[in-house]
Amino acid sequence: MKQELLKKLEDKSFVVGVIGLGYVGLPLNLCFAEKGFRSVGFDIDKSKVDSLNAGKSYIKHIPSERIQKAKESGFFSSTTDYSKIKECDAILIAVPTPLNKNREPEMEFVVSSCEAVSKQMRRGQLIVLESTTYPGTTDELMVPILEKSGLKLDKDFYAAFSPEREDPNNKDYRTETIPKVVGATSPDGLAVADKLYQQIVVKTVPVSSTRVAEATKLLENIFRSVNIALVNELKMAFMKMGIDIWEVIEGAKTKPFGFMPFYPGPGLGGHCIPIDPFYLTWKAREYGVATRFIELAGEINTSMPVFVVQKVMDALNEVGKPLKKSRILMLGLAYKANVDDDRESPSYKLMKDLEEKGATVEYNDPYVPVIKMTREHPQFAGRRSSAISGKHDLILISTAHDEYRKIDFKSFNIPIVDSRNLIQEKFPLLFKA
Ligand SMILES: NC(=O)c1ccc[n+]([C@@H]2O[C@H](COP(=O)([O-])OP(=O)(O)OC[C@H]3O[C@@H](n4cnc5c(N)ncnc54)[C@H](O)[C@@H]3O)[C@@H](O)[C@H]2O)c1
């Protein structure tokens, strides 16, 4: 089985399937097609499949021309039809791994996609999980579902885990230029999975097991969460001392070794950092281990919107206004600058908290013209991005989109609360949060 798959990779007859055509899966699917491998994308969301088949992108930083070019090459296709799984030599699963209401791993997307694969798979395939998850998912959860097919691990099929390190809109790194960690359940499985990823990335990093690969991804994200919590805490302490944390970070980052800058903000956002650390916390409980750094970082980071709301109240107070009945314009819904991804964005928490205290909140975001319906905040669905003007009682900057850098905020003559250090000029009605 190993030799057969390696040979197919050599002669490029190897067919790749990618399940879940989101921020992670779509670039993967495109990369394989661009390297001359037939690459079939699967998604349960028909509107995404229809859009790709019409040559249209639904992700801001992936241009439609790239989709059209890949389609024209004949190597790239998208479908909702799982029976095509049989045509693939490798199936890469990149479906969501969120948390449920009790902050426990929500594995329904991984389970349902593995079940769908299990019903269609054949002998001689490699199945790779790419979704971020707790150590043990591949061998404890994925493999038993796949074996329901009657096929046996490492005899009839290989299983591997290879975490994604996608950073949407990062100008310096894209899928192909980011080294990729790969772990498998056997040396033969690892040889095939490693060779597969060598086709599209600059460097692969083989590790000894799927658990090490799963834990590697969690370490990377926990490292970010803890360090962001640290600067958030320092921001609050330094602010009381009249010291600007951003200036301090600029100073510290000139140290050429042993320091790495992290930046404070109104709270964590995105699909990874607010969620993934709790996958480890959950699993560690099974082993009777407490993950105190993760919990503390989570506590500090989730309290940041409360801090920002207090700053908004203080700023309004300076001009003799209460928060209740005031009109606030929030700049930025996306969780980070210059992207259209508003998942887990702290802006929603800010909107909710401010409105619960009686304020009216409008928002502006050039990349989110209208708020989509979601499970987390259905009350905001349908709201549209407002124009930026000084007609509000206060402007709150929650995302540092480049578009906002050109605005003359001082001329509005209303309190401006800046939680992203977007404004460099100093003026009396500017409040850093
Ligand atoms: N977005 C990032 O920058 C990023 C970075 C690293 C890792 N990750 C991880 O990668 C995984 C995927 O994240 P994403 O951001 O690409 O999510 P996403 O929501 O953008 O995309 C997931 C896609 O999977 C589809 N899907 C769900 N269930 C399916 C099923 N049973 N069969 C087929 N398709 C199905 C959805 O319709 C959606 O299109 C997550 O585990 C995430 O934590 C994301």
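Before reading further, recall that the structure is shown in the block above.
Residues numbered from 1 in each chain as written. Predicted model: local features only at pLDDT ≥ 70, side-chain atom pairs only at ≥ 80, totals over all residues. Heavy atoms only, no water.

### Overview of the site of the ligand
- Around the ligand lies a shell of 27 residues, among which Val24, Asp43, Lys48, Tyr82 and Thr97 are the nearest.
- Ile44 places a polar main-chain atom, nitrogen or oxygen, 3.4 Å from a nitrogen atom of the ligand.
- Between the ligand and Val95 there is a distance of 3.5 Å, counted from an oxygen atom to a backbone nitrogen or oxygen.
- Protein coverage of the free-state accessible area of the ligand, which is 830 Å², stands at 93%.
- Element by element, the count of residues in the shell around the ligand is highest for helix α5 (residues 108–120), at three residues.
- Taken together, the residues that form the shell around the ligand break down as twelve nonpolar, eight polar and seven charged. (Near = heavy atom within 4 Å. Polar contact = N/O pair within 3.5 Å; in protein donor to acceptor, adjacent residues only side chain to side chain. Areas by Shrake-Rupley, 256 points an atom, 1.4 Å probe, with all protein chains shown as cover. Helix = DSSP H or I, 4+ residues; strand = E, 2+ residues; numbered from the N terminus. Nonpolar A, V, L, I, M, F, W, Y, C, P; charged D, E, K, R; others polar.)

### Considerations on empty space enclosed by the protein
- Taken as a whole and assessed by the stated rule, the structure comprises one cavity of 30 Å³ or more.
- The space that makes up the largest cavity amounts to roughly 40 Å³.
- Around the largest cavity sit Pro163, Glu164, Arg165, Thr175, Ile178, Pro179, Lys180 and Val201, which together line it.
- Across the lining of the largest cavity, the residue classes break down as four nonpolar, one polar and three charged. (1 Å grid on protein atoms, 1.4 Å probe; cavity = no way out; pocket = protein on both sides within 12 Å on 5 of 7 lines; lining within 4 Å. Points joined across faces, edges and corners; volume = space filled by probe spheres on them.)

### Notes on the pattern of salt bridges
- Under the counting rule described, the total for this entry stands at 30 salt bridges.
- Two residues, Asp341 and Arg343, come together in a salt bridge whose shortest N-O distance is 3.0 Å.
- Note on Asp341: relative accessible area 4%, which makes it buried.
- Accessibility expressed as a relative area gives 32% for Arg343, which makes it partly exposed.
- Several salt bridges share partner residues, and in doing so they unite Asp139, Glu140, Arg211, Lys283 and Glu286 into one network. (Salt bridge = Lys/Arg side-chain N within 4 Å of Asp/Glu carboxyl O. Buried < 20%, exposed > 50% of the residue type's maximum accessible area, 1.4 Å probe, protein only.)

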